[in-house]
Amino acid sequence: MSPEKLPEPLKIAYSPCPNDTFVFDAWAHGRVPGAPALDVTFADIDITNGMAERGEFDVLKVSYAVLPWVLDEYALLPCGGALGRGCGPLVLTREPGTGADLAGKTVAVPSERSTAYLLFRLWAATEVPDGVGEIVVLPFHEIMPAVRDGRVDAGLVIHEARFTYRNYGLHKLADMGEHWEATTGLPIPLGAIIAKRALGAERLHALAAAARASVRTAWDDPALSHGYVLAHSQEMDPAVANQHIGLYVNEFTLDLGDDGYAAVRGLLTRAAAEGLVPALAPDALAFP
């Protein structure tokens with residue numbers, strides 16, 4: 001009798017940022033009993049957003065802002081992503097200023113379908129009444145050098161940049177998270193984990209369970225993930241990587257909960273009202 005064929009590993013894509021590698025380390029390395037094997041691809045968020053829109057990969061880390069375009073094919077997992085408080089994107093400039101100073105200026109952003117850019121557009125609608133100028137998409141690690149070197153007037157940054165922007169001689173013009181929290185009282189929805197609906201409800205629930213187990217395993221023994229995190233964090237200082245993980249991996253990573261879902265619905269509902277994204281169907285965020 002021929003041996004039973006093992007199922008193909010699930011194709012997953014997530015960023016090389018410390019929060020993602022920390023979350024998925026145990027699962028990717030077979031330390032979550034019973035979890036499906038993973039075939040991992042690393043890609044910046046602008047790339048994974050595009051992958052989702054094209055229906056590539058079984059599981060993806062994407063911006064919450066891209067959900068209105070992909071939820072027909074993908075389901076939002078209730079765990080594994082990035083939400084929080086005090087962790088929003090920043091607008092950086094070479095000189096101190098105010099939102100009005102961005103009128104007509106060139107701004108670099110990590111993706112036009114990123115949650116950071118959506119939060120920026122909601123902020124700019126009130127704080128930059130004359131409108132910004134050209135929007136330039138750059139990989140997030142190239143944005144601060146571009147601002148420092150004068151290639152763009154301002155940059156919208158995410159991830160560990162909130163800990164390192166002073167090293168580039170830059171100034172924080174505005175914090176998109178502070179604006180969001182002040183106007184809504186909700187946590188800041190940043191990155192989501194989605195999986196193809198075609199996998200079926202049973203497998204989707206197994207994926208959610210594996211993600212939660214992977215997070216708990218990382219929390220139980222953080223040292224186990226250090227090698228994986230630092231190998232993919234683009235020469236990041238270990239102390240900064242730990243700050244990054246501490247900020248972006250939290251109770252919402254383990255479970256979105258009522259506040260997490262309210263934040264996601266709130267963001268996408270406000271954005272749809274402004275004509276920035278398509279409106280969601282009533283049950284689009286429901287987990288099968």
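One can find the structure itself at the top, above this paragraph.
Given the structure is predicted, the values throughout are model-derived calculations rather than measurements. (Residues numbered from 1 in each chain as written. Predicted model: local features only at pLDDT ≥ 70, side-chain atom pairs only at ≥ 80, totals over all residues. Heavy atoms only, no water.)

A.B. asks: Help me understand the overall build of the protein in this model?
C.D. replies: Check the secondary structure of the protein and you find 12 helices and 11 strands. Computed over C-alpha atoms, the radius of gyration of the protein comes to 19 Å, within 12% of the 19 Å expected from 2.2 N^0.38 for 288 residues, which places it in the range of a compact globule. Taken along its principal axes, the extent of the C-alpha atoms in the protein is 70 × 45 × 30 Å. Looking at the protein residue by residue over its 288 residues, the buried ones come to 54%. A separation of at least 24 residues holds for 80% of the contacts in the protein among residues at least 6 apart in sequence. Total accessible area computed for the protein in this model is approximately 12,500 Å², and 51% of it derives from carbon and sulfur atoms. (Helix = DSSP H or I, 4+ residues; strand = E, 2+ residues; numbered from the N terminus. Rg over C-alpha atoms; globule rule 2.2 N^0.38 Å. Buried < 20%, exposed > 50% of the residue type's maximum accessible area, 1.4 Å probe, protein only. Contact = heavy atoms within 4.5 Å. Areas by Shrake-Rupley, 256 points an atom, 1.4 Å probe, with all protein chains shown as cover.)

A.B. asks: Hey, could you run me through the nonpolar core in this one?
C.D. replies: For soluble globular proteins, nonpolar side chains are generally found buried alongside one another. Of all hydrophobic cores here, the largest spans 58 residues; its most connected members are Leu 60, Tyr 64, Leu 67, Val 91, Phe 120 and Trp 123. Leu 10, Val 32, Ala 208 and Val 229 belong to the second largest nonpolar core, which has 32 residues in total. (Core = buried A, V, L, I, M, F, W, Y, C linked by side-chain atoms within 4.5 Å.)

A.B. asks: Can you help me understand the environment of Lys 105 in this one?
C.D. replies: For Lys 105, the location among the structural elements is in the loop between β6 (90-93) and β7 (107-109). Looking at Lys 105, the relative accessible area reads 33%, which means it is partly exposed. With 48 residues separating them along the chain, Lys 105 and Asp 153 place their C-alpha atoms 6.0 Å apart. Those residues in contact with Lys 105 that sit more than four places away from it in its chain are Val 132, Gly 133, Glu 134 and Asp 153. Within polar-contact distance, the side chain of Lys 105 engages the backbone oxygen of Asp 101 at 3.2 Å. (Polar contact = N/O pair within 3.5 Å; in protein donor to acceptor, adjacent residues only side chain to side chain.)

A.B. asks: Looking at this model, I keep getting lost on the sheet that holds β6. Mind explaining?
C.D. replies: Consider a sheet: its strands pair through backbone hydrogen bonds, and that pairing is either parallel or antiparallel. The mixed open sheet is built from five strands, whose spatial order is β8-β7-β9-β6-β10. Sheet topology places β8 (135-137) and β10 (171-175) at the edges, where each strand pairs with a single neighbour. When the angles between neighbouring strand axes are averaged without regard to direction, this sheet yields 30 degrees. Pairing geometry for β7 and β8, over three bridges, is parallel. From the neighbouring strand, Val 107 faces β8, where its bridge partner is Ile 135. (Pairing = 2+ DSSP bridges. Axes fitted to C-alpha atoms, helices over the stretch in contact; angles between N-to-C directions.)

A.B. asks: Before we go on, may I ask you to explain the environment of Gly 200 in this structure?
C.D. replies: Position of Gly 200 among the secondary structure elements: in the loop between β11 (188-196) and α8 (201-220). Residue Gly 200 is classed as partly exposed on the basis of its relative accessible area, which comes to 25%. Sequence separation between Gly 200 and Val 229 is 29 residues; the distance between their C-alpha atoms is 31 Å.

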